[in-house]
Amino acid sequence: MVPLSWYLTFAAALFALGLYAVLARKNAVAILMGVEIMLNAVIVNLVAFWRYGNPADIAGQAFAVIVFAVAAAEAAVGLALIISIYRQRATVMAEQIDLMKW
Amino acid sequence: MSATPIIFLVVAALTLAAAFLVVTVRNLIHAAVWLVAALFGVAVIFVLLDAGFMATVQVVLYIGAIAILIVFAVMLTRRVMQDVGPQRNANWWLGAIVAIVFFVAISSLLWRTAWPALPGGDVGDTVLALGRSLVDPNKYVIPFEVASVMLIIALIGSIAVALPGKQSE
């Protein structure tokens, strides 16, 4: 039997890796990959808490399904933004997309 | 049952290794392939958690849709991707420190907490219960409908944003 803390440690490590990608990567597509990894770590947490909490109550899985939908919407809008920026400014480097930087 | 911790440890190590390669490897196509590997590892974790439907959705939605979308985006922006030079910004070490501090803080907290043990018994037919709860007015029909409206908005919004034409002037 695997203790709950193992799953939570795994999810925390996955989240930290995604956080590193978001903070350190130059390419906007790579930053989006980091966001996806972070969302996935959150879903692992939700499902683990559902399994170890009260499996008869399906709330944890319903929550996870909603997070899946949010992740799909986020990926679609984010990639559309990146492609639009690439078409107009011919770059996907996050530090060159500074039109709104004050 | 006694094989579960070994499977968990092996899958978790492989998943974290794949995720590490996603965030460090230079070539973005390779990063996307490693992302597929990491997402598949998370699907195996869902199976270990008795959430078969979550594992299916993970494979169909994350690997089948989002990862492929990311591969498309990488290919469409390929010219920039092959730029020489570092793939991480000047403050990458700060990001690494933040991530490590975050992980150490979270894991030191959660190892000190007394978590509930795994509830015994079978979880039953979770797919049936989940499907019923998502259309049950006393449960989660409103979040479900809001999610569908949000998906439509995201669909229309991403088409409007990515549409070529008058916005370039």
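Just so we're clear, the structure is a prediction, and the values are computed from it rather than from any experiment. Each chain carries its own residue numbering, running from 1 in the direction its sequence is written. Whichever chain is written first becomes A and whichever ligand is written first becomes 1, with later ones labelled in order. In keeping with the predicted nature of the model, local features appear solely for residues at pLDDT of at least 70, side-chain atom pairs appear and are counted solely at 80 or more, and the whole-chain, interface and lining totals rest on all residues. As a rule here, side-chain values come from all non-hydrogen atoms in the structure, and water together with hydrogens is ignored.

With respect to the packing of helix α3 (residues 59-89) of chain A against helix α6 (residues 126-134) of chain B
The condition is simple: Between N-to-C directions, angles cover 0 to 180 degrees, with each direction set by a line fitted to C-alpha atoms, over the stretch in contact for helices. Elements are defined by DSSP. Helices are runs of H or I of four residues or more, strands are runs of E of two residues or more, and each kind is numbered from the N terminus. We call two directions roughly parallel when the angle between them is under 35 degrees, roughly antiparallel when it is over 145, roughly perpendicular when it lies between 65 and 115, and oblique otherwise. Crossing handedness: left-handed means the near helix sits turned counterclockwise from the far one by under a right angle, and right-handed means the same turn made clockwise. Whether two residues touch is decided by their heavy atoms; if any such pair falls within 4.5 Å, the residues are in contact. Three classes are used, and their members are as follows: Ala, Val, Leu, Ile, Met, Phe, Trp, Tyr, Cys and Pro are nonpolar, Asp, Glu, Lys and Arg are charged, and the others, Gly among them, are polar.
Between α3 of chain A and α6 of chain B, the least distance of the axes is 10 Å, while the angle of their chain directions is 70°. Here α6 of chain B runs roughly perpendicular to α3 of chain A, going by the angle between their axes. Regarding α3 of chain A and α6 of chain B, the two cross each other, and that crossing is right-handed. Contacts from Gln61, Ala62 and Val65 of chain A of α3 of chain A reach α6 of chain B at Thr126, Leu130, Ser133 and Leu134 of chain B. By residue class, the composition of the contact of α3 of chain A with α6 of chain B is 4 nonpolar, 3 polar and no charged.

Here's the deal with the confidence of the model for chain B
Should the pLDDT be low somewhere, the predicted coordinates at that spot are not to be read in detail. Applied cut-off: In predicted models, pLDDT denotes the confidence assigned by the predictor to each residue on a 0 to 100 scale.
Per-residue confidence for chain B gives a mean pLDDT of 84, with 91% of residues at or over 70. In the model output, the complex is listed with pTM 0.87 alongside ipTM 0.88.

Structural notes on the side chain of Gln58 of chain B
Where we set the bar: Each residue is placed in one exposure class: buried if its accessible area under a 1.4 Å probe, protein chains only, is under 20% of its type's maximum, exposed if it is over 50%, and partly exposed if it falls in between.
Structurally, the position occupied by Gln58 of chain B is in helix α3 (residues 52-76). On the basis of relative accessible area, Gln58 of chain B is assigned to the buried category, the value being 0%. Here Gln58 of chain B is in contact with Asn40 and Phe68 of chain A together with Leu39, Val42, Ala43, Phe46 and Ile63 of chain B, once residues within four sequence places are set aside.

Comments concerning the nonpolar core
Our working rule: We call a set of buried residues a nonpolar core when its members are Ala, Val, Leu, Ile, Met, Phe, Trp, Tyr or Cys and they connect through side-chain atoms within 4.5 Å of each other.
With 78 residues, the main nonpolar core has Tyr7, Met33 and Val47 of chain A together with Phe46, Met54 and Ile70 of chain B as its most contacted residues. For this core, the elements supplying multiple residues, two or more each, are α1 (4-24), α2 (28-52) and α3 of chain A together with α1 (4-24), α2 (28-48), α3, α5 (92-112) and α6 of chain B. No other element matches α2 of chain A, which puts 16 residues into this core. The contacts of Tyr7 of chain A, once residues within four sequence positions are left out, are Val2, Val44, Ala48 and Tyr52 of chain A together with Phe8, Ile45, Leu48 and Leu49 of chain B.

Quick look at the interface of chain A and chain B
The cut-off we apply is this: Once two parts are joined, some of their accessible surface, as seen by a 1.4 Å probe, is lost; buried area is that loss totalled over both. Definition used for salt bridges: Asp or Glu carboxyl oxygen within 4 Å of a side-chain nitrogen of Lys or Arg.
At the junction of the two partners, chain A supplies 70 residues and chain B supplies 84 residues. Taken over both partners, the interface formed by chain A and chain B buries close to 7100 Å², and the fraction arising from carbon and sulfur atoms is 77%. Connecting chain A to chain B are 1 salt bridge. The partner of Asp50 of chain B in a salt bridge is Arg51 of chain A, with the nearest N and O atoms 2.8 Å apart. Broken down by secondary-structure element, the contributors of at least two residues to the side of chain A that touches chain B are α1, α2 and α3 of chain A. When grouped by side-chain class, the residues that make up the side of chain A that touches chain B number 54 nonpolar, 9 polar and 7 charged.

Looking at a nonpolar patch on the surface
Selection criterion: Patch membership requires more than 30% relative accessible area and the absence of a salt bridge. Residues of like charge join within 9 Å; the nonpolar side chains Val, Leu, Ile, Met, Phe, Trp and Tyr join within 5 Å. The protein chains shown are the only cover counted for residues, whose accessible areas, like all others here, come from Shrake-Rupley with a 1.4 Å probe.
Among the surface-exposed residues, Ile152, Leu155, Ile156, Ile159 and Leu163 of chain B lie close enough to one another that they form a single nonpolar patch of about 490 Å² accessible area. You can see Leu163 of chain B is positioned in the segment after α7 (141-162).

Concerning the domain arrangement of chain B
So the rule is basically this: Per the annotation, domain bounds derive from an automatic or database assignment of domains.
When the domains of chain B are assigned, the result is domain 1 (1-82) and domain 2 (127-169). Averaged C-alpha coordinates put domain 1 of chain B and domain 2 of chain B at centres separated by 24 Å.

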